[in-house]
Amino acid sequence: MDDLRIVRARVRGGGAMPDLDARFARRAESALRGLDPGRAILCLREANGVLAEDAFAAPLSRAQTDWLPISRQVQARLAAARHPWREVVMPDAMAVCFADTAEWLACAALDLLAQRVERCWWWCSLPLAGAAGVIAAWQQHPHAVPAALALLARRGFAVRFAHSVGAQAAALRQGLTQHFAMGGDVAAPADSPAVQTLMAALSDCTAVPPAPLPEAPRAWLWLALGLARAPAAVCAAPLPPAVWMRSQAVAASAPQGQRLASSVVPQTDVPPLREQALPDTPQRPDEVPTQPPPFAPIPVRHAIGRSVAAILQAANDPIVLPLTPDEAQAPLPSQTTARARLRWNDVEPLTALESPAPVRAADAVGAATEALAAESIGAHAAHTAAPIAGAPHAFGAALETAYGGVFHLLNLALALGLYPDFTRPAERGLALHPWDYLALLARELVGVEFEADPLCGWLADAAGRPQGVEAGLWASRPETDWQMPAHWLAPWAAQAKPWRLVVARGRQAMWHPAGFCVADLSGDETLQGAQWPGWVAPRRVVPRTRPAPRAVRSWADWIARFAAFVRARLAAATGWPQGDAAQRLLRVPARVCRSAEYLEVRMSLAALPIEVRLAGLDRDLGWLAAAGCDLRYRFDAGGPA
């Protein structure tokens, strides 16, 4: 079990024990270890039972026996867990389940729009209470934001939620920029191929009834949905053009005194979430005001026991309205009566407890929230029936390929420094998107037969390339001169054969004895070979012996030169003949499954050559910011099926 969160636990009976909290946590973890939900998020409202008198003094090995009645109760309730994304779930459900963090965020956004966050006990898993907790959760999980917003867009609620986020969209966009290593903001021309592709991929946003959408939510919507649907294009155009959603691009502040109503708010009347001002505190003259951190939680005045409308008003309006007479007389719930709840896997711990009793709300609010939930689920079929142009391969759908070893080329790219690993999270690396890099390099190494494999189409979908768009078209052009870094030649430091120099067409090219071009520069450049390992004074040859030098004009040209080096490098790492090293590495049957956060490549351990494992080409990459996913391998004895 990766993460177990117990919001509140109460133990009755027994003598005082100074380390009761630690003992309870260790035994709960040991007893519930078999309930690991994988990447899913399970929320259980309560579990109770009677433990042995010496349960907390007994060794950990006895925990599963002592906790067996509670464990069975937890298993039964979690087996019957409801799924808020697929069905209407009443606030009194005993257990709920979310497929992953993206679905958890999307459901929180839907409940925020429906004004039912405070009515559903499972949102105790949010880092803060109420509307502020929803936005804080989206800030704390930037890796799942693109997929979560894509889920909302499939049901037609992405624009509405972006409008509700308001000024906090700037912080959300900053989190995406940092987590996905987007670099500086570049405004590409409106007629550029990347912008045109993105506008087509995000066409469902402009089909929403027009509403005033400020600049910050518009830019966040463009970037987040672009990362989900056309990541290679949005890397070239991270800012939306002025013509996109122009009717909604004019910022319009809501009239003073506008409040969230006690029913479902129309699309054009959703007020943005504004940052709540903290009470003024005296400041000493020697104190210097500091800049608040970009991801600071939204301060919000909150009181348990107030109505849903009043709580959301307090979260969205700088003026805190007084409580109604009924609310003022309602006693606050005692914290000693809060029930225990279990929560695990990838969500921050709770900082505020909720009442076990449902929060009182008007019947009209309850009917409206269930109506919005039903409308959202009903709209799901309509939006999924007509897929958006440029949408990536369906998350969760498995793909069978004969070239699973293509993903090993990402490990090679990281080893060569083309893309940064976890030690350099702020860098992006090669301008060519990783999926386009794999598509071009696999085509060059395998040949035209790779185009018939399903993986070729999967890479295009993952990059967001429509049919007929060349890989690498949106990336900035590579440099016209080709020159390899010196550390790439370290495996041939002991070689003693002379190099080859080709001069033609006003250019000069230096070829390594292993059969790849090290440098191809203009004729007026001076080639200094002393910095290259294994350097031996070159022998000048005619272009018939080696290809004539020429400038790099596209990423296809760049990959063609790089592929010759890859063949030699794979042969040096595995000991295979250089002629078939690439085929032996890449041609491995595999099943590829992409979720909102992970990319899993499943292979047969028996079919994996030991040379690949010794070369380190099958290591889990972890989070790869340039690709926007966490790539991991899974090896089975029986094969990828």
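Everything below is about the structure shown above.
This is a predicted model, so every value here is computed, not measured.

**Q** Tell me what's going on with unusual backbone geometry, and back it up with residues and numbers.
**A** Even without a glycine there, the phi angle at Gln-115 is positive, about 60 degrees. Position of Gln-115 relative to the elements: it lies in the loop between helix 4 (101–113) and helix 5 (130–140). A positive phi angle, close to 50 degrees, is found at Ala-181, a residue other than glycine. Tracing the backbone shows Ala-181 in the loop between helix 8 (169–179) and helix 9 (193–201). With relative accessibility at 2%, the residue Ala-181 sits in the buried group.

**Q** Can you break down the sheet that holds strand 9 (residues 517–522) residue by residue, with the values?
**A** One open sheet accounts for five strands, arranged 6-9-8-7-10; its pairing is mixed. Single-partner strands in this sheet number two, and they are strand 6 (482–483) and strand 10 (539–541). Looking at chain direction, strand 6 and strand 9 are connected through two bridges and run antiparallel. Each residue of the ladder has a partner; that of Trp-482, found in strand 9, is Asp-520.

**Q** Can you tell me about the sheet that holds strand 14 (residues 629–636), naming the residues and giving the values?
**A** As a general point, the strands of a sheet are linked pairwise by backbone hydrogen bonds and lie either parallel or antiparallel. One open sheet accounts for five strands, arranged 5-11-12-14-13; its pairing is mixed. One side of each edge strand has no neighbouring strand; the edge strands of this open sheet are strand 5 (398–401) and strand 13 (622–624). If you compare each strand with its neighbour and ignore which way they point, the axes differ by 25 degrees on average. Both strand 12 (residues 598–604) and strand 14 contribute to a ladder of seven bridges, which runs parallel. For Ser-604, the partnering residue across the bridge sits in strand 14 and is Asp-636. Against the sheet, helix 17 (residues 408–416) makes contact with strand 12, strand 13 and strand 14, and its axis sits at roughly 125 degrees relative to strand 14, the strand it touches most.

**Q** Any details on empty space enclosed by the protein? Residues and values, ideally.
**A** Taken as a whole and judged by the stated rule, the model has five cavities of 30 Å³ or more. What lines the largest cavity is a set of 20 residues, among which Leu-227, Ala-228, Arg-594, Ala-627 and Gly-628 lie closest to the centre. Partitioning the lining of the largest cavity into residue classes produces 15 nonpolar, three polar and two charged.

**Q** Report on the environment of Ala-207, specifying residues and quantitative values.
**A** When you line up the elements, Ala-207 lands in the loop between helix 10 (203–206) and helix 11 (215–229). A sequence separation of 51 residues divides Ala-207 from Gly-156, and the C-alpha atoms of the two residues are 9.3 Å apart.

**Q** So what's going on with the packing of helix 18 (residues 434–446) against helix 20 (residues 555–574)? Which residues, and what values?
**A** The contact between helix 18 and helix 20 brings their axes to 9 Å, and the two run at 60 degrees. The orientation of helix 18 relative to helix 20 falls into the category oblique. Like other packed secondary-structure pairs, helix 18 and helix 20 cross with a definite hand, here right-handed. Packed against helix 18, whose contacting residues are Tyr-437, Leu-440, Leu-441, Glu-444 and Leu-445, the element helix 20 presents Trp-555, Ile-559, Ala-560, Phe-562, Ala-563, Val-566 and Arg-567 at the interface.

**Q** Mind laying out the packing of helix 8 against helix 11, listing which residues take part and the relevant values?
**A** Geometrically, a packed helix pair is captured by the angle between its two axes and the distance between the axes. Here helix 8 crosses helix 11 at 30 degrees, and the two axes come no closer than 8 Å. Regarding the angle of helix 8 to helix 11, the classification is roughly parallel. When you trace helix 8 past helix 11, the crossing you get is left-handed. Residues Ala-169, Ala-170, Leu-172, Arg-173, Leu-176 and Thr-177 of helix 8 pack against Ala-216, Pro-217, Ala-219, Trp-220, Leu-223 and Ala-224 of helix 11. Its residues assigned to classes, the contact of helix 8 with helix 11 comprises ten nonpolar, one polar and one charged.

**Q** So what's going on with the nonpolar core? Which residues, and what values?
**A** In terms of nonpolar packing, the biggest core is built from 157 residues, with Trp-138, Phe-161, Trp-220, Trp-435 and Tyr-437 touching the most fellow members. Ignoring sequence-local partners within four residues, the contact set of Trp-435 consists of Phe-407, Leu-410, Trp-458, Leu-459, Ala-462, Ala-463, Arg-594, Leu-599, Ala-627 and Cys-629. If you look at the next biggest cluster of nonpolar residues, it comprises 16 residues, including Ala-31, Leu-35, Ala-40 and Cys-97.

**Q** Outline the pattern of salt bridges, listing residues and values.
**A** With the rule as written, the count across this model stands at 17 salt bridges. In this structure, Arg-465 engages Asp-436 in a salt bridge whose closest nitrogen and oxygen atoms are separated by 2.7 Å. Of this pair, Arg-465 sits in the loop between helix 19 (454–463) and strand 6 while Asp-436 sits in helix 18, placing them 29 residues apart in sequence. When sorted by exposure, Arg-465 lands in the same class as Asp-436, which is buried. With a shortest N-O distance of 3.6 Å, Arg-587 and Glu-449 are connected by a salt bridge. A residue pair is termed long-range when its members are at least 10 positions apart, and Arg-587 in the loop between helix 21 (581–586) and strand 11 (590–594) and Glu-449 in the loop between helix 18 and helix 19 qualify at 138 residues. For Glu-449, a relative accessible area of 41% translates into the label partly exposed. Three or more residues are tied together by salt bridges with common partners; here these are Asp-481, Arg-507, Asp-520 and Arg-561.

What counts, and where the lines are drawn
Residues numbered from 1 in each chain as written. Predicted model: local features only at pLDDT ≥ 70, side-chain atom pairs only at ≥ 80, totals over all residues. Heavy atoms only, no water. Helix = DSSP H or I, 4+ residues; strand = E, 2+ residues; numbered from the N terminus. Buried < 20%, exposed > 50% of the residue type's maximum accessible area, 1.4 Å probe, protein only. Pairing = 2+ DSSP bridges. Axes fitted to C-alpha atoms, helices over the stretch in contact; angles between N-to-C directions. Contact = heavy atoms within 4.5 Å. 1 Å grid on protein atoms, 1.4 Å probe; cavity = no way out; pocket = protein on both sides within 12 Å on 5 of 7 lines; lining within 4 Å. Points joined across faces, edges and corners; volume = space filled by probe spheres on them. Nonpolar A, V, L, I, M, F, W, Y, C, P; charged D, E, K, R; others polar. Parallel < 35°, antiparallel > 145°, perpendicular 65-115°, else oblique. Left-handed = near helix turned anticlockwise from the far one by under 90°. Core = buried A, V, L, I, M, F, W, Y, C linked by side-chain atoms within 4.5 Å. Salt bridge = Lys/Arg side-chain N within 4 Å of Asp/Glu carboxyl O.

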